[in-house]
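Spelled out, the chains give:
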Amino acid sequence: MADSLVIVESPAKAKTIGKYLGSKYIVKASMGHIRDLPKSQIGVEVQKNFEPKYITIRGKGSVLKELKDASKRVKKVYLAADPDREGEAIAWHLAHYLEINDQDACRVVFNEITKQAVKDAFKTPRKINQDLVNAQQARRILDRLVGYKISPLLWKKVKKGLSAGRVQSVAVKLIFDRENEINAFVPEEYWTITAKLSTGKAEFDAKFHSLQGDKKELKTEAEVNEILKGLKQAEFVVSEVKEKERQRNPSPPFITSSLQQEAARKLGFRASKTMSVAQQLYEGIDLGPEGTVGLITYMRTDSTRISPVAQEEAKEYIATKFGAEYYPETPRVYLKKNSNAQDAHEAIRPSSVLRDPDSIKSHLSRDQFRLYKLVWERFVASQMSSAVLDTMTVDLSAGDTIFRAVGSKVKFYGFMKVYVESNDDASEPGDEDDRLLPPLAQGDAVKTKQIDPKQHFTQPPPRFTEARLVKALEEMGIGRPSTYAPTLETIQKRGYVAIEEKKFIPTELGELVIQQMIEFFPEILDVEFTAHMEEGLDHIEEGKEDWVQVLSEFYESFEKRLEVAEEEMEKIEIQDEVSDEICEKCGSHFVYKMGRFGKFLACSGFPNCRNTKPIVKDIGVACPTCHEGKIIERRSKKGRIFYGCDKYPECDFVSWDKPVGQPCPSCGAMLIEKRNKSGVFIQCVSCDFKEEAKDNEQDSD
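A word on the environment of D69. Note that D69 resides in helix α2 (residues 61-72). Distance from D69 to Q549, taken between C-alpha atoms, is 39 Å for residues 480 residues apart in sequence.

Encoded structure:
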């Protein structure tokens, strides 16, 4: 008969832990939080030191009865919720419901769900950490006060169903501000001159660098023509060759924000999907003969710290698999990225580096495998030696101009043998070929094959992708690992932002709400103020500040702002933009509406008529299948753009890639437009034909 009851949050976690602990333990799941503030009222007694009014979450009755009955049949109850503020709060609420003494050593925490980690954790149970609980309570109450005080105002003055929040409002404002920057941006002209040169059979490119010994930026075509004149009779001669060796260091192991960013860039995952799949990997996967195992450490963390045990295991694996030279002389230690980072947990890493992705692939879904592989490779690379590159810079004089050619070659791959971090604004390093230059020496004359001048224009700052927005919030100290994914979901559900080509744009509704917030609640949108509040919550967790005092300081000025807004915020009538199209069902005009994935048409007769349809965008290409219809841009139910024939369903042509409208010069098949981080190119669907798009610009952001 079992002596102890262990309570975790989820059935998957319960199943994994139950196998490790054996028959003396009953392991059950609380299914997340069991108590929360009521939805029907604010649930906070502001005048009584912000006393929260907790109620049992609807639908949890049967779960609680099961836990209560089980607790009466055992000698000891252990609370093994996740090792963070939310997990501590769940344990605290469970202790209250099950009448466990708050001085009992009932709390068990582990950073990874492996047999050894779980058994070790049960050797050293502790009391519930009230500082962690208070930090969670303070955040919950703070968000409740902001949400439940401002949202009714927005309902009354702007539109029903709106909401405001500390982190979500800042996120929307960042998107709003970026859009204003883009609209205000004035492009500036600039030029480049590329010389295609050769020596022997080898060809290479050199770019214009300086004129008469001074580095010069080319702003106009007239300046370019002046230089081209001087190059007509000039011979290119090598004036200087510099060769040097440089090192490149690996990126640190993942924290929550960097995992979300890299999964977006490399795998195309939304932040919410990344966290959902990571949760599955953390809670446990059935690996057949090995049983159910938690494959990664806890995925909500902002620490890059690694345990000595994991570091030693990585060292042995790297030395065995790649050779001793692939491990650095001293183990790598990564410092905190910012002073607010909490160091309670380790970085996100595989629970055992010996479980390489391919060895367990058959037990994982496609998404689980791809994310696990990303975590595994990043961690292994983070512990490896630096890469060594040989770089070569060659200056070539032609008349009174200097052109420069740069080449590099990987001398020692080091960590690049396993993984290289990507980024938002350029092609992935390490994926491109070595840019080799032919052997060149000072005084060598080279042949000129072509001089290619090219006009460019500076580009506005890029719109936020999910990865960019998470990075911006993290760098500003806004939010915490657990808040990024739900924040991005909320601002889309509320209709404050839409997504176009995986980038955020503010909607008209989002702009209206932000304008009201700027006028009446500027502190909520102030980055420094919000970051200061996050710091206050961290201080509560560390036992340095009293949670009631932190809330009092915030509420004093917030209450005054509310009074002013109640009196002075004017009611806004949102007028729908009427289209020329007529609803085929009721004869009313369609109006433009903004949804999660951009604009669409909706019948103005709503709610009597609920007809909607997408806005059709003709791309000016005839259908390659029926040759009668036109290709139009459409959106899937998930917001992804695709291309189809306007004669559908008579013609079933469909393509995820944009058809170009010209036949392949090699085989006559359809050409499509493809994009990567280097730019746009044209590709045939049938043969190997491929060329750069004529208007392709490769300027970085």
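Turning next to the packing of helix α6 (residues 166-184) against helix α15 (residues 508-520). At a minimum axis separation of 10 Å, α6 and α15 run at an interaxial angle of 110°. What the angle tells us is that α6 and α15 run roughly perpendicular. Handedness of the crossing formed by α6 with α15: left-handed. Mapping the contact onto sequence places S169, V172, K173 and F176 in α6 and G510, E511, I514, Q515, M517 and I518 in α15. Looking at the contact of α6 with α15 residue by residue, the class counts come to five nonpolar, three polar and two charged.

Strand residues, when the strand is regular, have side chains that alternate between the two faces of the sheet. In terms of burial, strand β1 (residues 4-8) is largely enclosed, as five of its five residues are buried. Neither face of β1 is open: one carries S4, V6 and V8, the other L5 and I7, and all of them are buried. Sheet topology note: the β1/strand β7 (residues 76-79) ladder contains four bridges and is parallel. For I7, the partnering residue across the bridge sits in β7 and is L79.

All right, on to a negative patch on the surface then. A cluster of acidic residues, E519, E535, E545, D546, E553, E556, E559, E563, E567, E568 and E570, forms a negative patch on the protein surface. For the negative patch, the element with the highest residue contribution is helix α18 (residues 547-568), accounting for six residues. Along the chain, E556 falls in helix α18. Residue classification places E556 among the exposed residues on the basis of a relative accessible area of 53%.

Summed over all chains, the structure comprises 39 salt bridges. Of the charged contacts, one joins E181 and R178 as a salt bridge, the two residues approaching to 3.7 Å between their closest N and O atoms. Taken together, the residues span about one helical turn, with E181 and R178 both in helix α6 at a distance of three residues. Judged by its relative accessible area of 17%, R178 is buried. Put simply, R85, R480, D538 and E541 are held in one network by salt bridges that share partners.

It is at 9 Å that the axes of helix α8 (residues 256-267) and helix α9 (residues 271-283) come closest, and there the two elements cross at 115°. Taken together, the axes of α8 and α9 are roughly perpendicular relative to one another. Our pair here, α8 against α9, has a crossing hand that is right-handed. When α8 is examined against α9, the residues T256, L259, Q260 and A263 are found in contact with a partner set consisting of A271, T274, M275 and A278.

Within the structure shown, the criterion is met by 16 aromatic pairs. With a centroid separation of 5.0 Å and an interplanar angle of 25°, the aromatic rings of F554 and F558 are classed as stacked. A residue pair is termed a helical-turn pair when its members lie 3 or 4 positions apart in one helix, as F554 and F558 do in helix α18 at four residues. Residue F554 shares its accessibility class with F558, and that shared class is buried. Considering the side-chain rings of F642 and W656, the 5.8 Å spacing of their centres and the 75° angle between planes classify their relative orientation as edge-to-face. Of this pair, F642 sits in strand β25 (residues 641-645) while W656 is found in the loop between β26 (654-655) and β27 (658-663), placing the two residues 14 residues apart along the sequence. When its relative accessible area of 17% is taken as the criterion, F642 is described as buried. On the accessibility criterion, W656 (46% relative accessible area) is partly exposed. These aromatic residues form a ring-pair network of at least three members: F50, F521, F529, F554, Y555 and F558. In this structure, K361 packs its charged tip against the face of F369, placed 4.8 Å from the ring centre.

Our focus in this paragraph is the sheet that holds strand β23 (residues 617-622). Pairing between the strands of a sheet is mediated by backbone hydrogen bonds and can be parallel or antiparallel. Spatially, β23-β24-β25-β26 is the arrangement adopted by the four strands of the open sheet, whose pairing is antiparallel. Each edge of the open sheet carries a strand with a single partner, namely β23 and β26.

Ranked by size, the top nonpolar core spans 125 residues in total, and within it F50, F110, I150, L371, L469 and F521 carry the most contacts. Apart from the residues lying within four places of it in its own chain, the contact partners of F50 are V44, E45, I141, L145, W547, V548, L551, S552 and Y555. Within the second largest apolar cluster, 23 residues are counted, among which are L197, A234, A405 and L440.

The subject of this paragraph is the state of the cysteines. Here, disulfide denotes a covalent bond that connects the sulfur atoms of two cysteines. Counted under the stated rule, the structure contains zero disulfides. Left unpaired, C583 is separated from the closest cysteine sulfur, that of C609, by 3.8 Å. The closest cysteine sulfur to the non-disulfide-bonded C667 is located on C684, 3.5 Å from its own sulfur. The class for C667 is partly exposed, based on a relative accessible area of 41%.

This part covers helix α1 (residues 11-21). Every α-helix winds through 3.6 residues per turn, so residues three or four apart in the chain are directed the same way. Of all the residues in α1, the buried ones are K13, A14, T16, I17, Y20 and L21. All buried residues of α1 fall inside an arc of 165° around its axis, so they share one side. The secondary structure elements touched by the buried residues of α1 are β1, β2 (25-29), α4 (115-123), α9 and β13 (292-293).

This brings us to unusual backbone geometry. Backbone torsion omega between F606 and P607 reads 10°, so that peptide bond is classified as cis. The topology assignment puts P607 in the loop between β21 (598-603) and β22 (612-614). Y648 connects to P649 through a cis peptide bond whose omega is 10°. Turning to its location among the elements, P649 is positioned in the loop between β25 and β26. The backbone of N49 sits at a positive phi, close to 55°, despite the residue not being glycine. By relative accessible area, which is 51% here, N49 ends up exposed. Phi angles above zero are rare outside glycine, and F50 is one such case at about 60°.

What the three strands build is an open sheet, ordered β2-β1-β7; its pairing is parallel. Each edge of the open sheet is held by one strand with a lone partner, namely β2 and β7. Ignoring strand direction, the axes of neighbouring strands in this sheet form an average angle of 20°. As judged from the five bridges shared by β1 and β2, these two strands associate in the parallel manner. Bridge pairing in β2 links V6 to V27. This element, α1, spans β1 and β2 of the sheet and lies at about 170° to β2.

Each value, and the rule that gives it
- Residues numbered from 1 in each chain as written.
- Predicted model: local features only at pLDDT ≥ 70, side-chain atom pairs only at ≥ 80, totals over all residues.
- Heavy atoms only, no water.
- Helix = DSSP H or I, 4+ residues; strand = E, 2+ residues; numbered from the N terminus.
- Axes fitted to C-alpha atoms, helices over the stretch in contact; angles between N-to-C directions.
- Parallel < 35°, antiparallel > 145°, perpendicular 65-115°, else oblique.
- Left-handed = near helix turned anticlockwise from the far one by under 90°.
- Contact = heavy atoms within 4.5 Å.
- Nonpolar A, V, L, I, M, F, W, Y, C, P; charged D, E, K, R; others polar.
- Buried < 20%, exposed > 50% of the residue type's maximum accessible area, 1.4 Å probe, protein only.
- Pairing = 2+ DSSP bridges.
- Patch = residues over 30% accessible without salt bridge, like charges linked within 9 Å, V, L, I, M, F, W, Y side chains within 5 Å.
- Areas by Shrake-Rupley, 256 points an atom, 1.4 Å probe, with all protein chains shown as cover.
- Salt bridge = Lys/Arg side-chain N within 4 Å of Asp/Glu carboxyl O.
- Lys, Arg positive; Asp, Glu negative; His and termini not counted.
- Charge placed at Lys NZ, Arg CZ, Asp CG, Glu CD.
- Phe/Tyr/Trp six-rings, centres within 6.5 Å; stacked < 30°, edge-to-face > 60°.
- Lys NZ or Arg CZ within 6 Å of the ring centre and 35° of its normal.
- Core = buried A, V, L, I, M, F, W, Y, C linked by side-chain atoms within 4.5 Å.
- Disulfide = S-S within 2.5 Å.
- Arc of directions from axis to C-beta.

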